[in-house]
Number of protein chains: 2
Amino acid sequence: MKVKDIASPKNSLLQKIRRLDNSSDRRELGLFLVEGRKLIGEALSKNVELVDVIVSKSFFDQEIDRLALDIDTVTIVQDKIFNTLCTTDSPCGILATAKAHKNTLSEVLKRENGIVVFGECIQDPGNLGTIIRTALAFEASGLILSRGSVDHLSPKVVRASMGAVFSLPILVEQEIENCLKQLKAHDSLIIALDAKASQTFDFVRREGRVVYLFGNEGQGLSAPALSLADCVVSIPINEASESLNVAVAMGIVLYHSKHCFESGGDRSR
Amino acid sequence: MKVKDIASPKNSLLQKIRRLDNSSDRRELGLFLVEGRKLIGEALSKNVELVDVIVSKSFFDQEIDRLALDIDTVTIVQDKIFNTLCTTDSPCGILATAKAHKNTLSEVLKRENGIVVFGECIQDPGNLGTIIRTALAFEASGLILSRGSVDHLSPKVVRASMGAVFSLPILVEQEIENCLKQLKAHDSLIIALDAKASQTFDFVRREGRVVYLFGNEGQGLSAPALSLADCVVSIPINEASESLNVAVAMGIVLYHSKHCFESGGDRSR
């Protein structure tokens, strides 16, 4: 392993890393941040291309021999400087820049009978990370995000996804009407989740590819999204509750959907 | 409505409000913060006792006539000072201090065949808020939190709960062994969720009261919690995924549990 040292906080590599906390800079540079040993290990195991690996001086002194990751070159910076690079409250000792990979619609639709999740204007990075983690856990074939959603490569999303963002095909910045029309042309059943719908989600019989639409945390789905759906369904909840958190709703629907597909039928009432 | 004005940022009421961002101060004062018109409305509708209501000058000028909430007295502060009181990124214009209510075990266990959620050392305020919101949505009879969990009255938890924290009976600071023994003495079936368990949660037949145990985000459940459970179960997920987010896992289990209870039988395979 090659080792480099950086002394100046104004070094261009450090300036580049600081820019990766900003979504338009991430897009411009085609890079994103991966923080912490565990996430970096996940990224490497999923063949994510790491461009730079930076460690704090104390991490290098105490941990580098036990790192057990296939890394060519590390750059060491003083702890005080390193801590200004981290986006977490408790500095992680090691971080990397990674190349962003752009997924296509055909990657998201790879499996013919797959479940696809479509998020419209998801705003909260924690929610989006959890949606990605949950989609992978229930073997969704991919995730589509509309324009106006939070960036799936923001540090908070990467963390909340627990590394699932490295594996799940994710198509971003989609114009909703155009994309839903394309999905219909690919023989997909479009099911919109809406807390106000009277039909509950477990009544829908499913065959072939299903796309579940989930809306923004505050506003739900837009009128165009609802009008293009083949059906609009809800998860039955207590009348006094307005709605479920979007990631929780999505977990319930995906668990149910996956296990109905697998058992070949509908287990609902 | 009586109206008071505060000009000094060192005013004792403002100092008290600033302390409510800290959990030990909240405990000492027996108060917590409720921010924003929607949450304050929720609190009032659930008979939460509001002690002080503070609005920004511009909120007072533009919104107070349309507030439509039953509030005796409001205190106005300059926008610049008001914004230092808010714990949110975008200031909400109105906030209140509310009296904390302590729930007892018998309130949590009120319904004989109820579902109880037990969280051990839940750390993330967003997760805890979502757990509270989800528990109310699926009509759990209450939530129990072990010692070492994040404070359920922290501003972030209150917000993420979408006001469900005002309705759901919540028993806090419980010593896990002692509390689980008490629950068993109350004829409860204790089901622990553990991502490594081979038995899946939908195989368990349930009658009477059920307590679902969920562990810390990173560590899962402790050995004492696992050993006191009547059974240890998992939610089946993709082998490549380590686990689900705790609030998502809890949503899946509660949805399933509630609908099995209601239909009077087990809908699992």
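Residues numbered from 1 in each chain as written. Chains lettered and ligands numbered in written order. Predicted model: local features only at pLDDT ≥ 70, side-chain atom pairs only at ≥ 80, totals over all residues. Heavy atoms only, no water.

K.L.:
An account of the overall build of chain A is needed here, citing residue identities and associated values.
P.N.:
Across its full length, chain A holds eleven helices and eleven strands. Sequence-distant contacts, at least 24 apart, represent 76% of the contacts inside chain A between residues at least 6 apart. Surface accessibility of chain A: about 12200 Å² in total, with carbon and sulfur atoms responsible for 47%. (Helix = DSSP H or I, 4+ residues; strand = E, 2+ residues; numbered from the N terminus. Contact = heavy atoms within 4.5 Å. Areas by Shrake-Rupley, 256 points an atom, 1.4 Å probe, with all protein chains shown as cover.)

K.L.:
Quick rundown of the relation of the copies chain B and chain A? Include the residues and the values.
P.N.:
At an RMSD of 0.0 Å, chain B and chain A line up after a rotation of 180° and a shift of 0.0 Å along the axis. As the rotation angle and translation indicate, the two copies are arranged about a two-fold axis. Most of the interface of chain B is mirrored in chain A, where 100% of its interface residues are also at the interface. (Least-squares fit on C-alpha atoms with pLDDT ≥ 70 in both.)

K.L.:
So what's going on with unusual backbone geometry? Which residues, and what values?
P.N.:
Excluding glycine, most residues fall at negative phi; most peptide bonds, likewise, are trans. Residue and element names in this part refer to chain A. In this structure, Cys-121 takes a positive phi of about 55° despite not being glycine. Considering the arrangement of structural elements, one finds Cys-121 in the loop between strand 6 (115-119) and helix 7 (125-137). Taking relative accessible area as the criterion, Cys-121 reaches 25% and is therefore assigned partly exposed. (Buried < 20%, exposed > 50% of the residue type's maximum accessible area, 1.4 Å probe, protein only.)

K.L.:
Describe helix 7 (residues 125-137) of chain B, listing the residues and the values that go with them.
P.N.:
All names here are of chain B. Spanning 13 residues, helix 7 covers 18 Å between terminal C-alpha atoms, matching the ideal 18 Å at 1.5 Å per step. Counting buried residues in helix 7 gives twelve out of 13 residues, a clear majority hidden from the surface. The N-cap residue of helix 7 is Asp-124: its side-chain oxygen and the backbone nitrogen of Gly-126 are 3.0 Å apart. Once helix 7 finishes, Glu-139 follows within two positions and takes phi at roughly 60°, a positive value. (Expected span 1.5 Å × (residues − 1). Polar contact = N/O pair within 3.5 Å; in protein donor to acceptor, adjacent residues only side chain to side chain.)

K.L.:
Give me the lowdown on the nonpolar core, citing residues and values where you can.
P.N.:
By size, the foremost hydrophobic cluster in this structure holds 120 residues, and its most contacted members are A:Ile235 and B:Ile235. Setting aside anything within four residues of it in sequence, one finds B:Ile235 in contact with A:Phe138, A:Tyr255, B:Leu193, B:Phe201, B:Leu244, B:Ala249, B:Ile252 and B:Val253. (Core = buried A, V, L, I, M, F, W, Y, C linked by side-chain atoms within 4.5 Å.)

K.L.:
Pulling in residues and values, what's your account of the interface of chain B and chain A?
P.N.:
At the junction of the two partners, chain B supplies 28 residues and chain A supplies 28 residues. On inspection of chain B and its partner chain A, the count reaches two salt bridges. The closest approach of N and O atoms between A:Glu242 and B:Lys38, which form a salt bridge, is 3.0 Å. Elements with a minimum of two residues in the side of chain B that touches chain A: helix 7 and helix 11 (246-263) of chain B. Element by element, the count of residues in the side of chain B that touches chain A is highest for helix 11 of chain B, at six residues. Of the residues that constitute the side of chain B that touches chain A, the class distribution is twelve nonpolar, nine polar and seven charged. (Salt bridge = Lys/Arg side-chain N within 4 Å of Asp/Glu carboxyl O. Nonpolar A, V, L, I, M, F, W, Y, C, P; charged D, E, K, R; others polar.)

K.L.:
Explain the packing of aromatic side chains to me, and be specific about the residues and the numbers.
P.N.:
Overall, the coordinates contain six aromatic pairs over all chains when judged by the stated rule. The interplanar angle of 50° and the centroid separation of 5.4 Å between the aromatic rings of A:Tyr255 and B:Phe201 together place this pair among those described as tilted. Placement of the pair is A:Tyr255 in helix 11 (residues 246-263) and B:Phe201 in the loop between strand 9 (188-193) and strand 10 (209-214), with the two residues belonging to separate chains. In terms of burial, A:Tyr255 and B:Phe201 fall into one category: buried. Pairwise contacts between aromatic rings join A:Phe138, A:Tyr255 and B:Phe201 into one cluster. (Phe/Tyr/Trp six-rings, centres within 6.5 Å; stacked < 30°, edge-to-face > 60°.)

K.L.:
Help me get a handle on the pairing of strand 5 (residues 94-99) of chain B, residues and values and all.
P.N.:
Residue and element names in this part refer to chain B. By the criterion of burial, strand 5 is predominantly enclosed, with five of the six residues buried. In terms of strand pairing, strand 2 (residues 31-35) meets strand 5 through five bridges, oriented antiparallel. Bridge assignment links Phe-32 to a residue of strand 5, and that residue is Ala-98. Where strand 3 (residues 50-56) lies against strand 5, five bridges are found, and the strand directions are antiparallel. What sits directly across from Asp-52, in strand 5, is Thr-97. (Pairing = 2+ DSSP bridges.)

K.L.:
Got a sec to walk through the sheet that holds strand 6 (residues 115-119) of chain B? Specific residues and values, please.
P.N.:
Hydrogen bonds between backbone groups are what pair the strands of a sheet, and the pairing can be parallel or antiparallel. Residue and element names in this part refer to chain B. Taken in spatial order, the six strands make up an open sheet running 8-7-6-10-9-11, and their pairing is parallel. Taken across any chain shown, the strands that pair with only one partner, and hence form the sheet edges, are strand 8 (170-174) and strand 11 (231-233). Adjacent strand axes in the sheet meet at a mean angle of 25° when their direction is disregarded. Bridge count for strand 9 against strand 10 is five bridges, and the pairing is parallel. The partner of Ile-190 across the bridge, within strand 10, is Val-211. Taken strand by strand, helix 7 contacts strand 6, strand 7 (142-146) and strand 8, and its axis lies near 155° from that of strand 7. Contacts between helix 9 (residues 176-185) and the sheet are confined to strand 6, strand 7, strand 8, strand 9 and strand 10, with strand 9 contributing the most and set at about 135° to the helix. (Axes fitted to C-alpha atoms, helices over the stretch in contact; angles between N-to-C directions.)

K.L.:
Before we move on, can you summarise the side chain of B:Ser56 with the specific residues and values?
P.N.:
Positionally, B:Ser56 belongs in strand 3. A relative accessible area of 5% means that B:Ser56 is categorised as buried.

K.L.:
So what about the side chain of A:Ser146? Which residues, and what values?
P.N.:
Considering the arrangement of structural elements, one finds A:Ser146 in strand 7 (residues 142-146). Discounting residues that sit within four places of it in the chain, A:Ser146 has contacts with A:Phe118, A:Gly119, A:Glu120, A:Cys121, A:Glu173 and A:Gln174.

K.L.:
Describe the pattern of salt bridges, naming the residues involved and giving the relevant values.
P.N.:
All names here are of chain A. Applying the stated rule across the entire model yields 28 salt bridges over all chains. Here Glu-63 and Arg-37 are joined by a salt bridge, their closest N and O atoms 2.7 Å apart. Here Glu-63 is found in helix 4 (residues 57-63), whereas its partner Arg-37 is found in helix 3 (residues 37-45), with 26 residues between them in sequence. A residue is classified by how much of its surface remains accessible, and Arg-37, at 33% relative accessible area, is partly exposed. For Asp-194, the salt bridge is made with Lys-196, and the minimal N-O distance between the two is 4.0 Å. Of the residues examined, Asp-194 reaches a relative accessible area of 13% and is grouped as buried. The exposed category is assigned to Lys-196, whose relative accessible area is 74%. Linked through salt bridges whose partners overlap, the residues forming this network are Arg-19, Asp-25 and Glu-28.

K.L.:
How would you summarise the environment of A:Ala223 if you had to cite specific residues and measurements?
P.N.:
Residues and elements named next belong to chain A. Structurally, Ala-223 can be placed in helix 10 (residues 223-228). The class for Ala-223 is exposed, based on a relative accessible area of 57%. Taking C-alpha positions, Ala-223 is 17 Å from Ser-149, a pair spaced 74 residues apart along the chain.

K.L.:
I'd like a description of the confidence of the model for chain A, backed by residues and values.
P.N.:
Residue and element names in this part refer to chain A. Per-residue confidence for chain A averages 92 on the pLDDT scale, and 96% of its residues sit at or above 70. Predicted confidence in chain A is weakest over helix 11, with a mean pLDDT of 85, and strongest over strand 7, with 98. In the model output, the complex is listed with pTM 0.93 alongside ipTM 0.93. (pLDDT = per-residue confidence, 0-100.)

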